[in-house]
Amino acid sequence: MSSQKTSHLKAKKISKAIFQNMVEVAGDGIFVYQDRRFSYVNPAFEQMLGYSAGELMGMGFMDVVHPSSAGLMELLCEARLRGDDVPGRYEVIFLTRNGSERNISLSPSVIDLEGRPATLNIARDITDRKVIMQELEASNQFLSSLIANSSDAIVASDLNDRALLFNKAAEEITGYSAEELLRNKVSIGSFMKAGERERIMSILDKGTADAPCRLVGEETSLYIKDGTLIPISLSVSYVYQEGRPMAAISVFRDLRPIKAVQEQLRESEQKYRILVERAQDGIFVYQDHCFKYTNPKFRDLLGYSEEEYPCMGLKDLVRPELGRMIEARYAKRIRGEKVPEQYEIALKGKEGVWRAFEITPSVIEYEGRPATQNVIRDITAKRSAEKALRASEAKYRATVEHTGTAMMMLDEDFTIIFVNHQMEKLSGYTKQEIEGRMLWTEVVHKDDVERMKSYHLARRRGDKSVPSQYEFIFVDKNAKSMDSFITIGMIPGTKQSIVSIMDLSEFKRMEKELEQARKMAILGEMSAHVAHEVRNPLQKIKTGVELLSNSQGFDERQRRLLEGVTNGIDNLEKFVTQILEWTRSGEIRPKPHRLSNIIDGLTFNLKDTFADRGVTVEVHYDPAADTVEADGIQLRQVMGNIIDNGLDAMPHGGILSISTAFRKGYTFARGKDGFLADAVEIHIQDTGHGIRSDDIERIFHPFFTKKTKGTGLGLALVRKVIDMHRGEVEAVSEEGKGAEFIIRLPRDQVKTSGATVPEKPSDLGKAQSEETRGREKDPARR
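Residues numbered from 1 in each chain as written. Predicted model: local features only at pLDDT ≥ 70, side-chain atom pairs only at ≥ 80, totals over all residues. Heavy atoms only, no water.

Engineer: Is there a simple way to explain the overall build of the chain in this structure?
Structural biologist: For the chain, the helix and strand inventory stands at 23 helices and 27 strands. Considering the chain as a whole, with its 782 residues, one finds that 38% of them fall into the buried category. Residue pairs at least 24 apart in sequence account for 52% of intrachain contacts in the chain once pairs closer than 6 positions are excluded. Summing over all exposed atoms, the chain offers an accessible surface of approximately 46,200 Å²; the carbon and sulfur share of this is 53%. (Helix = DSSP H or I, 4+ residues; strand = E, 2+ residues; numbered from the N terminus. Buried < 20%, exposed > 50% of the residue type's maximum accessible area, 1.4 Å probe, protein only. Contact = heavy atoms within 4.5 Å. Areas by Shrake-Rupley, 256 points an atom, 1.4 Å probe, with all protein chains shown as cover.)

Listed below in structure tokens is the structure:
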């Protein structure tokens, strides 16, 4: 190989190394694109997109170019390789690895790579430049919009009096169009009075680029298109370039509207002075602790002359102990501090007579300095009338406060504006919670609200048919409902009404107890008759049937008939027994019992029944609630009745939960004889079919039942026994979701006024006592 050829190859290698180094360190992205894939990318392009060279080798434009232009890029690339005429530079939106968009300017060219055509692309990131250009354009648009929409006229002119800028406001004020000015049909100097432009230019010429002189807000005048000379406020300054003035910018405002307002103000001031001079209220201006102006009415009220007032201050007219406070209040008002906007004051007239006034001051500017303008009204007669009214009101208020009836006063918008002490006791709310804060609808049951609202509105329309007395349900602060009787009437000359409310709860309770006693008397008579006429024959029939069933000679059918008769007799006997148990006297024999023992005994005896019915029993005991003073036999019967009901409610199995809990200091509500005691709770819950909401309050009534074979006395007996223990029982249920019975008993019967609950004597008690004694004497009747 010749030395010349060797030198040529060496130069070629050096050139390639230089080129490769330049590409690798280039600030612009460089990539080669062939067969719809990147075949080479330099580090700058990797950094531009966030991908590595290895990742980009398997990608094409469809992977990194925005979907809106990826297809077009492929088409342009193929067209360029074919030699078609395509743009030599275009902008493309690339997507980086993290999904952000970059605006990139591409300059592609065709090269030969390994014997096949490809494109060499120079990529320059112009995202930041685009943002700057967009911001610049937005700024220009903002400035153009600001000039175009300015309410002040803005005019730019060169030093040869030619207009360069004439905005819309300038057109509206002068009547000239921008076209007339910009085409030099009219010169700027033609707007000015003779010599005015020269005067202004001479002022501006005194300045320099570093220390310019300006004309700011000077009042002058200019001619508009129709030849009228109008007043304007003018501001002018030079625009400098390289230290020399190149143009003048003028901003002016039409003062005609302001002049018109000033004229109206002068006229208004004249009208105001006439109004003040003839006002029926006293008016005075107070400045520097002296009277600066007084109207005739103020002078008449106190008897001083117009010449006397300038030497006086409020301290000379008020009581000495108030003088300093009044003057301090004036100083605070002038300083802008918070002081009363209106107040009452007593002033002494020239004749020494004190009169009451209502004064309303406000801060104004008087003769260029702050002062107060005061409107003063004589309220001496009004105060005397109010004093008499207060005395009368105090008398009636005392009467209302000490009456035994709950009373309140209602406004037209349903607001309660007054309540007496008895209403506080009835509702549980305080006066502060009610008066001016509550609506009367908040103490009325929802079922009565609409009816009573219609009465309220009709009464204020003057409808005489609206009842003034009726019953409704009152709701107190604790959501307790009370049957109540209302008497209501309108206060003459107002839209307000006065209301008195009587609690009928005790009356209703006594009425209910009387009706219950009447029913119990009837039931007592019936039970005594049943005990005498039914039970003894029933025992004889049962004995006869038992003898027959033990005899020989009966076939299977006849034996089944006898068993049916026996079961019927048992059911009838059980029914009679329940009646007698329910109507027994109110005696209990309490002594300490462990609830866990009673419950465990019940569940043990019913273990086979639970298994046959598919019922799972869950028991939880609170150790603090395990001991209770009660009649164990009757309490066992109570829980047995409830468990029987739960089993009937779960014919296909379920869960029966029994638990106990301790309640410290529980209040047992028993009419007016409620008491506070430590209590134990027994919860018995099933997962059966539940109880309808309409039936939940009736299930404890005698003979109420939804069972086909039920007597309706089981739960009635439960309530009676619990009442005898001075306790409570309640049912909680949702239809289809089971039921829960909660029994609450005083833990200690002795501490709750004895173990016997007194009941009113009745024929029922007598009949039951006789029946009990009869059974004790005659074993055949047991």
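Engineer: What am I meant to see in the sheet that holds strand β25 (residues 675–686) here?
Structural biologist: Two orientations exist for strands paired in a sheet by backbone hydrogen bonds: parallel and antiparallel. Ordered by their spatial adjacency, five strands build an open sheet running β22-β24-β25-β27-β26, and the pairing between neighbours is mixed. Looking along the sheet, the strands with just one partner apiece sit at the ends: β22 (615–620) and β26 (728–733). The sheet shows a mean angle of 20 degrees between the axes of neighbouring strands, direction not considered. Examined bridge by bridge, β26 and strand β27 (residues 739–746) share six bridges and lie antiparallel to one another. Note on β27: the bridge partner recorded for V732 is E740. The sheet contacts of helix α19 (residues 595–605) involve β22, β24 (654–668) and β25, and relative to β24 the element is tilted by about 160 degrees. (Pairing = 2+ DSSP bridges. Axes fitted to C-alpha atoms, helices over the stretch in contact; angles between N-to-C directions.)

Engineer: Help me understand the packing of α19 against helix α21 (residues 632–648) in this model?
Structural biologist: Working note: a packed helix pair is described by the angle between its axes plus the distance between those axes. Contact geometry for α19 and α21: axes closest at 10 Å, N-to-C directions at 50 degrees. Taken as axis vectors, α19 and α21 run oblique relative to one another. Of the two elements, α19 crosses α21, and the hand of that crossing is right-handed. Counted together, L595, I598, I599, G601, L602 and N605 of α19 and G632, L635, R636, M639, G640 and I643 of α21 form the full contact between these two elements. Tallied by class, residues from the contact of α19 with α21 come to seven nonpolar, four polar and one charged. (Parallel < 35°, antiparallel > 145°, perpendicular 65-115°, else oblique. Left-handed = near helix turned anticlockwise from the far one by under 90°. Nonpolar A, V, L, I, M, F, W, Y, C, P; charged D, E, K, R; others polar.)

Engineer: How should a nonpolar patch on the surface be read in this particular structure?
Structural biologist: A cluster of nonpolar side chains, F142, L143 and L146, forms an exposed patch at the surface whose accessible area comes to about 310 Å². Tracing the sequence through the fold places F142 in helix α6 (residues 127–149). Classification of F142 by relative accessible area gives exposed; the value is 53%. (Patch = residues over 30% accessible without salt bridge, like charges linked within 9 Å, V, L, I, M, F, W, Y side chains within 5 Å. Salt bridge = Lys/Arg side-chain N within 4 Å of Asp/Glu carboxyl O.)

Engineer: Is there a simple way to think about the packing of aromatic side chains in this case?
Structural biologist: For any pair of aromatic rings, the description rests on two quantities: the centre-to-centre distance and the angle between the ring planes. The tally for this structure, following the rule as stated, stands at 25 aromatic pairs. Measuring from ring centre to ring centre gives 3.9 Å for Y33 and F61, while their planes differ by 15 degrees; the resulting arrangement is stacked. Remark: F61 occurs in helix α4 (residues 61–64) and Y33 occurs in strand β1 (residues 29–34); sequence separation between them is 28 residues. Ring plane angle 70 degrees and centroid distance 5.1 Å describe the contact between F284 and F291, whose orientation is recorded as edge-to-face. An identical accessibility class is assigned to F284 and F291; each is buried. Among the aromatic side chains, those forming a connected cluster through ring pairs are F284, Y286, F291, F298, Y304, Y309 and Y330. A cation over a ring is seen here: R319 above W354, with NZ or CZ 4.2 Å from the ring centre. Over the ring of Y343 we find R329; its NZ or CZ atom is 4.5 Å from the centre of that ring. (Phe/Tyr/Trp six-rings, centres within 6.5 Å; stacked < 30°, edge-to-face > 60°. Lys NZ or Arg CZ within 6 Å of the ring centre and 35° of its normal.)

Engineer: I'm lost on the sheet that holds strand β13 (residues 343–348) in this one. Help?
Structural biologist: Spatially, β12-β11-β15-β14-β13 is the arrangement adopted by the five strands of the open sheet, whose pairing is antiparallel. A strand with exactly one partner marks an edge of an open sheet, and here the two such strands are β12 (290–294) and β13. Strand after strand, the sheet turns through a mean of 40 degrees between neighbouring axes, direction not considered. Where strand β11 (residues 282–287) and strand β15 (residues 369–378) come together, five bridges link them in antiparallel fashion.

Engineer: Could you clarify how one ought to interpret the side chain of T660 in this entry?
Structural biologist: Tracing the backbone shows T660 in strand β24. There is a polar contact of 2.8 Å between the side chain of T660 and the backbone nitrogen of D622. Filtering out sequence-adjacent residues up to four positions away, T660 remains in contact with L595, I599, H620, Y621, D622, A625 and E681. (Polar contact = N/O pair within 3.5 Å; in protein donor to acceptor, adjacent residues only side chain to side chain.)

Engineer: Whenever I open this one, the pattern of salt bridges confuses me. Can you help?
Structural biologist: A side chain of one charge can pair with a side chain of the opposite charge when the charged atoms of the two come close. Following the criterion strictly, the structure yields 36 salt bridges and no others. The salt bridge involving E55 is made with R97; its shortest N-O contact spans 2.7 Å. Linking E55 in helix α3 (residues 53–56) with R97 in the loop between β3 (90–95) and β4 (101–113), this pair joins segments that are 42 residues apart in sequence. A residue is classified by how much of its surface remains accessible, and E55, at 30% relative accessible area, is partly exposed.

Engineer: I'm lost on the pairing of strand β10 (residues 244–254) in this one. Help?
Structural biologist: It is a general feature of regular strands that their side chains alternate between the two faces of the sheet. Here strand β6 (residues 153–158) pairs with β10 via six bridges, running antiparallel. In the sheet register, S157 faces β10, and the bridge partner there is A248. Here strand β9 (residues 229–241) folds back onto β10, and the loop between the two strands holds two residues, one of which, E242, carries a positive phi near 55 degrees.

Engineer: Would you take a moment to explain the nonpolar core for this structure?
Structural biologist: Counting residues in each nonpolar core, the largest one holds 39 residues, and the members touching the most others are I643 and F741. When residues of this core are traced back to their parent elements, those giving at least two are α19, β23 (627–630), α21, β24, β25, α22 (714–724), β26 and β27. Those residues in contact with F741 that lie beyond four places of it in its chain are I642, I682, H683, I684, I691, I699, F700, L715, E730 and A731. Counting residues in hydrophobic clusters, the runner-up holds 26 residues, among them I173, L215, L222 and V236. (Core = buried A, V, L, I, M, F, W, Y, C linked by side-chain atoms within 4.5 Å.)

Engineer: I would appreciate a short explanation of the confidence of the model for the chain in the present structure.
Structural biologist: Low pLDDT means the predicted coordinates in that region are not meant to be read closely. In the predicted model, the chain carries a mean pLDDT of 82, and 86% of its residues have values of at least 70. pLDDT under 50 marks residues 753–782. Its contacts with residues more than four places away, or in other chains, come to 40 contacts. (pLDDT = per-residue confidence, 0-100.)

Engineer: Whenever I open this one, the environment of H456 confuses me. Can you help?
Structural biologist: Along the chain, the position of H456 falls in helix α16 (residues 446–460). As a C-alpha pair, H456 and F414 span 42 residues in sequence and 8.3 Å in three-dimensional space. A polar side-chain atom of H456 sits 3.4 Å from a polar atom in the side chain of W440.

Engineer: When you look at α16 in this model, what are you seeing that I'm missing?
Structural biologist: Between its first and last C-alpha atoms α16 spans 22 Å; for 15 residues at 1.5 Å apiece the expected length is 21 Å, and the two agree. Taken as a whole, α16 has its buried residues at D448, V449, M452, H456, A458, R459 and R460. Buried residues along α16 sit in contact with β16 (406–410), β18 (469–475), β19 (481–490) and β20 (497–503). Among the residues trailing α16, G462 stands out with phi positive, at a value near 85 degrees. (Expected span 1.5 Å × (residues − 1).)

Engineer: Is there a simple way to explain the pairing of β20 in this structure?
Structural biologist: Relative to β20, β16 runs antiparallel, the two sharing five bridges. Across the sheet, M408 pairs through a bridge with V499, a residue of β20. Note that β19 and β20 share seven bridges and pair antiparallel. Pairing of F485 across the sheet is with M502, part of β20. Two successive antiparallel strands, β19 and β20, enclose a turn made up of six residues, where G493 displays a positive phi of approximately 80 degrees.

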